[in-house]
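Fold and geometry: a report
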Number of protein chains: 2
Amino acid sequence: MGIELVLGLVIVAALAGLAYACANFFSVKKLPEGNERMQEIAGEIRLGANTFINYEYRVVAVVAAIIVVVLAALISWSSAVSFITGAVMSAIAGYIGMKIATYANVRVTNKALTSKSLSETLKVAFKGGSVMGLCVAGFALLGVFIVFIVFGVLLKQIDAAVARDGSVALASSFKSIVGMFTDLNLGGSFTMTLSSYALGCSIIALFNRMGGGIYTKAADMGADLVGKTEAHLPEDDPRNPATIADNVGDNVGDVAGLGSDLLESFVGAMLSGTIMAIELFTNLLFHDTALLKALIYFPLALAGIGLIGCVLGIASLFIRKKLSSNPHKELNAATWVSAGITMIVGFVASYFIFGSLEVNLGEEIGFRFGWVSPMVGAAIGIVAGIVIGKLAEYYTSADFKPTQGIAKSSVQGPALTVTQGLAVGMISCMWPCIVLGLSIFISFIVAGPYGVAAAAMGMLSFVATTVSVDAYGPISDNAGGIAEMSYLPEEVRDITDTLDSVGNTTAAIGKGFAIGSAAMAVLCMMTSYMFSFNHVGVNNPDFGIDQMFDGVVLNVINPLGLTGAIFGAAMPFLFSGMLINAVAKAAQRMVDEVRRQFREIPGLLQGTARPDTKTCIQISTQGAIKEMTAPAVLAIAFPVACGFIFGAEFVGGILVGATLSAIMLAIFCGNAGGAWDNGKKYIETGVLGAENGKGSATHDAGVVGDTVGDPLKDTVGPCLDILIKIMSNLALVMGSAFASYNLYDIITK
Amino acid sequence: MGIELVLGLVIVAALAGLAYACANFFSVKKLPEGNERMQEIAGEIRLGANTFINYEYRVVAVVAAIIVVVLAALISWSSAVSFITGAVMSAIAGYIGMKIATYANVRVTNKALTSKSLSETLKVAFKGGSVMGLCVAGFALLGVFIVFIVFGVLLKQIDAAVARDGSVALASSFKSIVGMFTDLNLGGSFTMTLSSYALGCSIIALFNRMGGGIYTKAADMGADLVGKTEAHLPEDDPRNPATIADNVGDNVGDVAGLGSDLLESFVGAMLSGTIMAIELFTNLLFHDTALLKALIYFPLALAGIGLIGCVLGIASLFIRKKLSSNPHKELNAATWVSAGITMIVGFVASYFIFGSLEVNLGEEIGFRFGWVSPMVGAAIGIVAGIVIGKLAEYYTSADFKPTQGIAKSSVQGPALTVTQGLAVGMISCMWPCIVLGLSIFISFIVAGPYGVAAAAMGMLSFVATTVSVDAYGPISDNAGGIAEMSYLPEEVRDITDTLDSVGNTTAAIGKGFAIGSAAMAVLCMMTSYMFSFNHVGVNNPDFGIDQMFDGVVLNVINPLGLTGAIFGAAMPFLFSGMLINAVAKAAQRMVDEVRRQFREIPGLLQGTARPDTKTCIQISTQGAIKEMTAPAVLAIAFPVACGFIFGAEFVGGILVGATLSAIMLAIFCGNAGGAWDNGKKYIETGVLGAENGKGSATHDAGVVGDTVGDPLKDTVGPCLDILIKIMSNLALVMGSAFASYNLYDIITK
């Protein structure tokens, strides 16, 4: 594979993925919706979801416009355009994914009703999910293609230089081409343009995750606190006015939010490899331009191959006539096919891209780096991602001791349920961190800092299938809700419940995966950031391979780095606390409204009158938009303000502190929340004895744990992933501005 | 003040402090104990406390013996002896403090009964507390004196070198004297001997805090879960079998545990300044031996002055005949007198120690460093400590919005109580971190890394009074319990309740102070550690002042540092989760026992039969000892194992990660727990309306929050302080061994 073909591969993969997404979209949409009641409920959910996303995107547009102006004024026009591209790609992907989810839900219910077949129903649900998955990878790659074509002057200039100076040109002559990080005169470097693209994606991810997360949990907690706890209604009862809002929330938070979150991780991982390569080159750590191009293009190639692998993997589920009765096995098979193809073709591509350069590599980069190295790094990432996901399953599934322990302690009342859940969440941080740490360590030994980027890329290469599997969950959940609200026969609900419970497991694994991949991507960006403002090699002519390990440093012992790290470590805690408050406030309003309806609508609790679901949807929408402003502003303004006050090194400290504490908090929140949730379900199975089953004091204690865990696992945890990604993207884009203008320098120099 | 007089000042201050402690001890002990019932209860508490501490110290002796052997084998005999000295000093201080607390409690009750005077009663309680406070500072200084006299060869050698080479000797000639960190042949350097002393103190602190914390909370939760929640008995009811154990726990955890914790911080702060000075000198950052001696002695001088200031401050409360009716004001006055004297005399001492060197300092150290600099650093520390304490009060006192918000949300049930408390705890991390970060930043600008050490020292210089005020709280708490159990008149309980509620506020402030000072001390030790294994100056002859800021680095971007930081950040979470489990398990056994007694002892609930309190004490004792083993082993073994596997730089990463995440978790746990506790009390005042007062569902929700918060604020939070201190002490002592023998080097080199 010639290196020049990589951009072609990218666009072909992007278009193939989007075409398949389009086909699946219409294939789902043309299915029948079922009876009038089902159509009506689905229509309400769809309307609610549309209302929210339109409202939200208007707010995002304002924020994005402000950022565009700042970028254009302070950095460069190319950054601003690149930022818009990223935001638009992510926004479209989220929109389409949410759209199809609100079409697919009722069609899944109807398929379960008409076919009575688990595997037929599974196919519809997964087809709906696959639209989101394919859009995530497809639009991400489409945007990358646009950015590379529009701003790819860099690549042409490299070619010109190679023609002029031969393949090993003196790197110093390239400094003006690649663009120094701190050199504002060049109108921003290409690395900043790439980072701006990722920043655009992360802005959408922030709002989708946060807005969606607050929306869905406000509705969920509102529905639970009054409906379940006070009025003792079952889940998804049509008499509960907040039920529709709860179902809307699934589409908004768990489909669109999740999609744009992983889109951002995918882009972040891909570009961090590219940026890392450019920074290594700019810092004179190697001098071979052919190698530079190979390193720049490899992540793109792997992403393209991954998307094609996912198309085949997803299709492998649909082409088979007869599926097994175990949906989990079928979804796993699709994932394994996608990952397997990606891995095998990835090794081939690695050979073609790096094989001819092999001789140079050892000398040039200094660690053992052969053609196989980047792909070994990627493989480590894949394994790490799977192990971290499995660990999340261990800590949160009712099949294992931690969650069972929470359930058992609920016999002693809610205080011990909560205490045990906190303990499980805290303890669960260590193993994923050991896996994460060791995979970073080993991939670094295999291929230097580039190896870490490769590991992140590997973890995310088959993201289309990961997201498809994840998005299938909320669609099935919604389908069950529609069945319940439409008074359909028990057997329909049985099918959707089976799909839903598989969805819960895949969601837990997916959350572990999301945290792991975000951490990997952010650690790469952090390294790139340190490279970009340290300019280790540039200032030191003797800088060589031996200093590789010591060269790029964040000096956490100097006061700037250390103070930054302390500020940074506190940041995720503040952010999380604000998010919890946001959910609680929005939920409070929902509780008041549900109580009002139970009180004021005669016959509602008896089932003779209909609840006013629209007002509930309105409350969730307005609550989410209103409450997400403060944490969103904090996430963006905090690092920027600190950068202009204390400078670039301080921001480096912030990144280190924030990343470390956000990883811990995210794992803690995800696992504690998941364990509480499944602990409650474990109690409901009645294994603790009849006197501790559904409706008992023990169950009430379990419900308290679940309610406490809801905002942690579905709002706080996922948003922390985005927090650290957005902060590192901001740092990469604005770093040069921080270095050039900051109060501290003005005062002290 | 001649520098040579400093050791004299230290021993005079130590003996003065201990003599005053002795006087107060016997002055309290000779007071009458009251009626038979009171004597009996006090006797049970005393017996329980003695049993526990004897049992615990036997376990500690085994652990300490193992460490002594390791130190003697791997490091040096001087380290081993120094370690024992620290452990013995801390153990004696904790023992005496606990002893007097169990004498003082009943005498406080009796004074309230006989004198009916708040201020007379306050004097007895504070006199009891002052024994602990004075012992903390007195024994700490006594031990330091011993270590300096026994191992002070260093100082004599410096003098000899000065006589030989003149006052500005070439630092290279000193390297062999001061002893290189990695130079095992010298039998360990003096810095390692000093660190070993601190390590000895921290081992006792670890066991006292952890054992005491598990003990007290197991008893407390046991008493609450069955007694209060199930049997609806009031606090400290004599029918509740766990009540005595609960009261024993106060003496064990809140007096002995707190004392040895702050003793360790005091020693850590004092010695980190000394160690920092030696490391700066060894790394050729300055060359003036007179300056070296001044920098070594200044922290000792400040500590000595602080203790004398505290003696006067504490005495100022007793010499006044008539006290105001506000105990908080009186305690504050004692603190201000102590701090004020320390501060003023500190500036005088700073002038005498550094004044004559002033001309050299600017040139030698390179940042603006005059005679006033160290004391300005210390003053910044004092201010930061007070502000952090006040912030803790803001987040946890029922007078302010955060805690009131938790109380109000309890109307919606326990889930929202817990959720709101989590949010308050998380949000409360930011401001203390900003204060901490800025004080580090400013004190560094004032006096370089030595300034940070000075700030830590300043914060802790008047520790004797801080601990006295803190220890007064549990004594008053116990006194109230004895009054309740002895059926004394309401007015006695009113007096002790007033004292107790003031104690709650001082405890909240004290906790903030403990975290802040631990963080400061650890950050200094971390810097010393980086210096000690980086040897920046030694390897680089051009190393100069300009590289000061860049010289001492922890490379968190290289895989060793980064992986270490990730492991380290997860460590406090694992440790906390294990502690929570330990408390829950021990509490579980207590719950079972209390239930058994209610069931099997006829007439117990009617008050006609007496509970079997001894069994409860036994359960708490055995539970605490058994459950603390795992987390204690983790705290010690984890950094040591990682050091021998991955080497010294990896451990540096662990320190950074662990410190950052432990600071956040400790603040979170302390403030969330305090806010839940006071939120419950706020509900009990009845301000939320009669239907939400004591005994209502709202109150039950508040009790759930309080119970969840109990292990967080009284076990986890305080133990996290010790965790990071013990890890950094271990690193300082073992760093050279890690650097010399580790698996990673063996494999890669």
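A brief look at the structure comes next. (Residues numbered from 1 in each chain as written. Chains lettered and ligands numbered in written order. Predicted model: local features only at pLDDT ≥ 70, side-chain atom pairs only at ≥ 80, totals over all residues. Heavy atoms only, no water.)

Remarks on the relation of the copies chain B and chain A
Superposition of chain B onto chain A requires a rotation of 180 degrees combined with a translation of 0.0 Å along the rotation axis, giving an RMSD of 0.0 Å. Taken together, the rotation and translation describe the operation of a two-fold axis. It is B:Ser661 whose C-alpha, among those of chain B, lies nearest the rotation axis, at 3.0 Å. Taken as a fraction of all interface residues of chain B, those also at the interface in chain A reach 100%, which identifies the copy contact as same-surface. (Least-squares fit on C-alpha atoms with pLDDT ≥ 70 in both. Contact = heavy atoms within 4.5 Å.)

Points about the packing of aromatic side chains
In total, this model carries 36 aromatic pairs over all chains according to the counting rule given. Relative to A:Phe738, the ring of A:Phe644 has its centre 5.2 Å away and its plane inclined at 90 degrees; by these criteria the two rings are edge-to-face. Here A:Phe644, found in helix H21 (residues 613-646), pairs with A:Phe738, found in helix H23 (residues 697-740); they are 94 residues apart in sequence, far enough to count as distant. Ring centres of A:Phe668 and B:Phe573 lie 6.4 Å apart, and the angle between their planes is 50 degrees; this geometry places the pair in the tilted category. You can see A:Phe668 sitting in helix H22 (residues 648-684) and its partner B:Phe573 sitting in helix H20 (residues 559-600), one on each of two chains. Each of the two residues, A:Phe668 as well as B:Phe573, counts as buried. Counting every residue linked through ring pairs, the aromatic cluster contains A:Phe441, B:Phe567, B:Phe646, B:Phe650 and B:Tyr744. (Phe/Tyr/Trp six-rings, centres within 6.5 Å; stacked < 30°, edge-to-face > 60°. Helix = DSSP H or I, 4+ residues; strand = E, 2+ residues; numbered from the N terminus. Buried < 20%, exposed > 50% of the residue type's maximum accessible area, 1.4 Å probe, protein only.)

Structural notes on the interface of chain B and chain A
The interface of chain B with chain A comprises 71 residues on the first partner and 71 residues on the second. Of the roughly 6600 Å² buried between chain B and chain A on both sides combined, carbon and sulfur atoms contribute 81%. The interface formed by chain B and chain A holds zero salt bridges in total. Across the contact surface, chain B and chain A share six residue pairs in polar contact (both at pLDDT 80 or more). (Buried area = accessible area lost by both parts, 1.4 Å probe. Salt bridge = Lys/Arg side-chain N within 4 Å of Asp/Glu carboxyl O. Polar contact = N/O pair within 3.5 Å; in protein donor to acceptor, adjacent residues only side chain to side chain.)

Focus on the state of the cysteines
One way to say it: the disulfide is the covalent bond shared by the sulfur atoms of two cysteines. All names here are of chain A. If you walk through the whole model with that rule in mind, you get zero disulfides over all chains. Here Cys201 stays free of any disulfide, with the sulfur of Cys135 as its closest cysteine sulfur at 14 Å. Judged by relative accessible area, which is 0%, Cys201 ranks as buried. (Disulfide = S-S within 2.5 Å.)

Overview of the side chain of B:Thr243
All names here are of chain B. The residue Thr243 is located in helix H8 (residues 243-282) in this model. Note on Thr243: relative accessible area 2%, which makes it buried. Setting aside anything within four residues of it in sequence, one finds Thr243 in contact with Asp236, Asp237 and Met485.

Brief notes about a positive patch on the surface
A surface patch of like charges, here positive, comprises A:Lys401, A:Lys408, B:Lys585 and B:Lys626. Tracing the sequence through the fold places B:Lys626 in helix H21 (residues 613-646). (Patch = residues over 30% accessible without salt bridge, like charges linked within 9 Å, V, L, I, M, F, W, Y side chains within 5 Å. Areas by Shrake-Rupley, 256 points an atom, 1.4 Å probe, with all protein chains shown as cover. Lys, Arg positive; Asp, Glu negative; His and termini not counted. Charge placed at Lys NZ, Arg CZ, Asp CG, Glu CD.)

Details of the environment of A:Gly212
Inspection of the secondary structure puts A:Gly212 in helix H7 (residues 190-230). Between the C-alpha atom of A:Gly212 and that of A:Ser428, which follows or precedes it by 216 residues, the distance is 26 Å.

Comments concerning H7(A)
Three- or four-residue spacings in an α-helix give side chains the same orientation, since the helix completes a turn every 3.6 residues. Residue and element names in this part refer to chain A. Under the 1.5 Å per step criterion, the end-to-end length of H7 is 58 Å for 41 residues, consistent within 8% with the ideal 60 Å. Where H7 bends most, the angle comes to about 30 degrees, and this point is Asp224. By the criterion of burial, H7 is predominantly enclosed, with 39 of the 41 residues buried. One or two positions beyond H7, positive phi appears at His232, with a value near 55 degrees. (Expected span 1.5 Å × (residues − 1). Bend = angle between axes of the 7 residues up to and from the residue.)

Some remarks on unusual backbone geometry
Residue and element names in this part refer to chain A. One non-glycine residue, Lys116, lies in the positive phi region at around 55 degrees. Along the chain, the position of Lys116 falls in the loop between helix H3 (77-115) and helix H4 (118-151). At Tyr487, a position not held by glycine, the phi torsion is positive, near 55 degrees. Along the polypeptide, Tyr487 turns up in the loop between helix H16 (463-485) and helix H17 (490-534). Assessed through its relative accessible area of 59%, Tyr487 is described here as exposed.

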